[in-house]
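Coordinates in review
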Amino acid sequence: MPSTYKLKHYEPVEPESYSASERFNNALVALTRTVWHADCTFETAISAICEAAAKAMRVERVSVWQYDPGARVLRCLQAHSPSRGARTLSEDLDTLALEGDDYIAALKYVRALHVSDVELGAADPSGLIQLRDYLHKHRILTRLDAPACVDGELLGVMCLESVDQAREWSPEDVTFAASMGDYVAMAYQISRRREAEEEVRHLRLHDATTGLPNRDYMVEMVSQRLASQTSNREALAIVHVRIDPSSGVAASATAPTTEEIMAQVGQRLSQFTDTDIDLAHVRSDAFALVVTRRAMGRGAVSLAERILAAVSSMQWEHEEVSPGAAVGVAFADGATPVDARVLLRQAEEASGSAREIDKFAYKVFDPDRHATLVEALQFERVLREAFLAEEFELFYQPEYDPTQREWVAAEALLRWRSGDRVIPAGEFIGVIESSGLILAVGKWVLHRACLDAAHWSPLLDGTLPAVRVNVSGRQFDESDLVGDVMHALEASGLAPERLCLELTETTLMSDLPKAQDVLVKLKLVGVSVAIDDFGTGYASLVYLKRLPIDVLKIDQSFVEGIPGSPVDTAIVHAVVGLATALGIDVIAEGVEQFIQQQALQEIGVRRMQGWLYARAVEQHVISDMFGVQPSDLLH
């Protein structure tokens, strides 16, 4: 934004024959256009107001003062003299200390205040003990002060000052002066609003963890640069850096969190930025550098190599910290049109391939896979449109207690009803997760499940069934999960003890201190937590000791081998024994045969879920199921 602003509307010279009212009206109309101009800053607005007031009122000097209620002083922001020009904020302008309250109190209740006696003494009722010296210093014989107020708060004063000659102010003068004070207040409000809008924009386009620009900012920037490419020689590349914070990090209370690791890596990557290279934090575990320079193909690959060297050589206080890094490079050469999001996905695809090669590796995007990527982006757009069109819905798979022969709970499962087809989440959840749409969908699932469960029929023993809701890794990391849970419970009226959140081991172990903090807060709310697909994630069981876990769900991959597989049977035995010792409930997933149920019961599993009992059903069906005795055919 420019630091100076020409008041274009005051360039024409008004005829001397213009009356005061004509001059005042012309000034007000022009100022309205000027102050609201998008390029007009607060400082230039004040300058324009001072210039307009001096010209319209035909006074020798106009000054604008800011009121500081804490220090009880008035500080001159700008003083304008048609013959000398304006003095700005940087020139150490006058400051007047206030003695009494009369002057400030008067400004709050008048449109304008007349100051004319230059012989004011120490007992001056205006309370400005330095006023006399100020007036003498600038040879001011008469002054008209107009307050600038917003919502009853005095922000400052605009002063119309007659130099070397006394002046009687007419009612029109007073009205115009008051309007100038209002324009000062308006300029302040506009400036404050623009600052707030800029702050909101900054927060929207920057990452709170690292302070770096985020994915949205980077996409905007790349889109602008792609649109400005004028020749094939002008190349643009995205270097995507995917960090594996957990690589080499032992789970301990002293180990840095994922956010701390990413913040330090971000600082290290900042050393590569310059006029041709910009850095952004595009995902919770990834950065992207946008490279724009001529003939920079080798330069981008060289940058990838230097990034790997920089990350691998980082020194950490925790001796076992050694995060991995995978770098992907994708080019837009100016010859083939490419979308910014497509280019970013290409770089992400390449970093994913590099991750499979080594802990520290880079790879350049293979153009042959471009068509597949475009199809994925098109599918992502279809899913976004489907979500907005309310084509997503929840089905529920009940949980069964074979010992008591009754239903006890149900798990919410996402479905997409596309025409006559109901599509299970497994066919599209990966795209939702990678695109970031999972944050909005996950929040919706949580709210919808709580609303549905609040209307379920009681069980045969009169108790109400629980609802289990899956929480994705990105939802756990990047959303206010506790706040979303509290809002969903409040909106639905569902009792907290009826809600259970299901998370994976990988989600919890990626940042154990954060997981502990979130889960403790959830327990305070009153909801329970289950570990889904137990045994398929991290081998470490340290989190079972540190985290408030209520339920372990044994993964179907272990259940399907029972009772024929001694290994699977031993694993389930171990899980049940561990859970019993820790006071944690166990649920077996994927039970499809009665012989599996019998074997699980003998081991000590009391709750089960699977097609042996019921597939996932719609909301109205699950509610009816809870109110009746399950079929004896299950036994």
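All of these numbers come straight from a predicted model, not from anything done at the bench. (Residues numbered from 1 in each chain as written. Predicted model: local features only at pLDDT ≥ 70, side-chain atom pairs only at ≥ 80, totals over all residues. Heavy atoms only, no water.)

In this section: helix α1 (residues 20-35). End to end, α1 covers 22 Å across 16 residues, agreeing with the expected 22 Å (1.5 Å per residue, within 8%). Inspection of α1 places Arg23, Phe24, Ala27, Ala30, Leu31, Thr34 and Val35 among the buried residues, and these make up the whole buried set. Viewed end-on, α1 has its buried residues packed into an arc of 140°, placing them on one side of the element. Those residues of α1 that are buried are in contact with α2 (42-57) and α5 (171-205). (Helix = DSSP H or I, 4+ residues; strand = E, 2+ residues; numbered from the N terminus. Expected span 1.5 Å × (residues − 1). Buried < 20%, exposed > 50% of the residue type's maximum accessible area, 1.4 Å probe, protein only. Arc of directions from axis to C-beta. Contact = heavy atoms within 4.5 Å.)

Right, let's talk about the pattern of salt bridges for a bit. Considering all chains together, one arrives at 26 salt bridges under this definition. In this structure, Arg143 engages Asp145 in a salt bridge whose closest nitrogen and oxygen atoms are separated by 2.8 Å. You can call Arg143 buried: its relative accessible area is 1%. Residue class for Asp145 comes out buried when judged on its relative accessible area of 0%. In this structure, Glu399 engages Arg607 in a salt bridge whose closest nitrogen and oxygen atoms are separated by 3.6 Å. Of this pair, Glu399 sits in strand β13 (residues 392-401) while Arg607 is found in strand β21 (residues 607-608), placing the two residues 208 residues apart along the sequence. Glu399 sits in the buried class, given a relative accessible area of 1%. The structure contains a network of salt bridges with shared partners spanning Arg215, Arg345, Glu348, Glu380 and Arg384. (Salt bridge = Lys/Arg side-chain N within 4 Å of Asp/Glu carboxyl O.)

Moving on: the pairing of strand β19 (residues 551-554). On β19, burial covers both faces: Val551 and Lys553 on one face and Leu552 and Ile554 on the other are all buried. In the sheet, strand β18 (residues 528-534) pairs with β19 via 3 bridges, with the strands oriented parallel. Bridging from a neighbouring strand, Phe534 pairs with Ile554 of β19. Relative to strand β20 (residues 585-588), β19 runs parallel, the two being bridged by 4 bridges. Bridge pairing in β20 places Val551 opposite Asp585. (Pairing = 2+ DSSP bridges.)

A few words now on the packing of aromatic side chains. Tallied over the full model, the rule gives 12 aromatic pairs. Aromatic rings pair up to connect Phe379, Phe387, Phe392, Trp416, Phe428 and Trp444 into one cluster. One Lys or Arg, Arg615, reaches over the ring of Trp611 and ends 3.5 Å from the middle of that ring. (Phe/Tyr/Trp six-rings, centres within 6.5 Å; stacked < 30°, edge-to-face > 60°. Lys NZ or Arg CZ within 6 Å of the ring centre and 35° of its normal.)

Between helix α6 (residues 215-227) and helix α9 (residues 340-355), whose axes approach to 8 Å, the crossing angle comes to 115°. Where α6 crosses over α9, the handedness of that crossing is right-handed. Residues Arg215, Met218, Val219, Val222, Ser223 and Leu226 of α6 lie in contact with α9, whose contacting residues are Ala340, Arg341, Leu343, Leu344, Arg345 and Glu348. Grouping the constituent residues of the contact of α6 with α9 by class yields 7 nonpolar, 1 polar and 4 charged. (Axes fitted to C-alpha atoms, helices over the stretch in contact; angles between N-to-C directions. Left-handed = near helix turned anticlockwise from the far one by under 90°. Nonpolar A, V, L, I, M, F, W, Y, C, P; charged D, E, K, R; others polar.)

Once that is clear, we can look at helix α14 (residues 481-492). With 12 residues, α14 should reach 16 Å at 1.5 Å per residue; the first-to-last C-alpha distance of 16 Å fits that figure. Of the residues making up α14, those classed as buried are Leu481, Val482, Asp484, Val485, Ala488, Leu489 and Ser492. The buried residues of α14 all sit within an arc of 165° when viewed along its axis, so they share a single face. With respect to the buried face of α14, the exposed residues turned more than 90 degrees away are Glu490 and Ala491. Turning to α14, the residues buried within the fold contact α12 (438-453), α13 (473-478), β17 (499-504) and α16 (512-525). Just downstream of α14 lies Gly493, where phi reads positive at about 80°.

On average, residues of the protein score 81 in pLDDT, and 85% of them are at 70 or above. Of all the helices and strands in the protein, strand β3 (residues 85-87) carries the lowest mean pLDDT, 48, while strand β16 (residues 466-470) carries the highest, 96. With pLDDT under 50 throughout, residues 1-15 is counted as low confidence; its partners more than four residues away or in other chains account for 31 contacts. This stretch, residues 117-127, has a pLDDT under 50; its non-local contacts, to residues over four places away or in other chains, come to 22 contacts. (pLDDT = per-residue confidence, 0-100.)

What follows deals with the nonpolar core. Formed by 80 residues in total, the largest nonpolar core has its most connected members in Phe392, Leu499, Leu501, Leu508, Leu522 and Ile549. Among the elements that make up this core, the one with the highest residue count is α12 (7 residues). Each residue touching Ile549, except ones within four places of it in the same chain, is listed here: Leu508, Leu519, Val529, Ile531, Leu544 and Ile584. Membership of the second largest hydrophobic core comes to 36 residues, among which are Ala45, Ala52, Val64 and Trp169. (Core = buried A, V, L, I, M, F, W, Y, C linked by side-chain atoms within 4.5 Å.)

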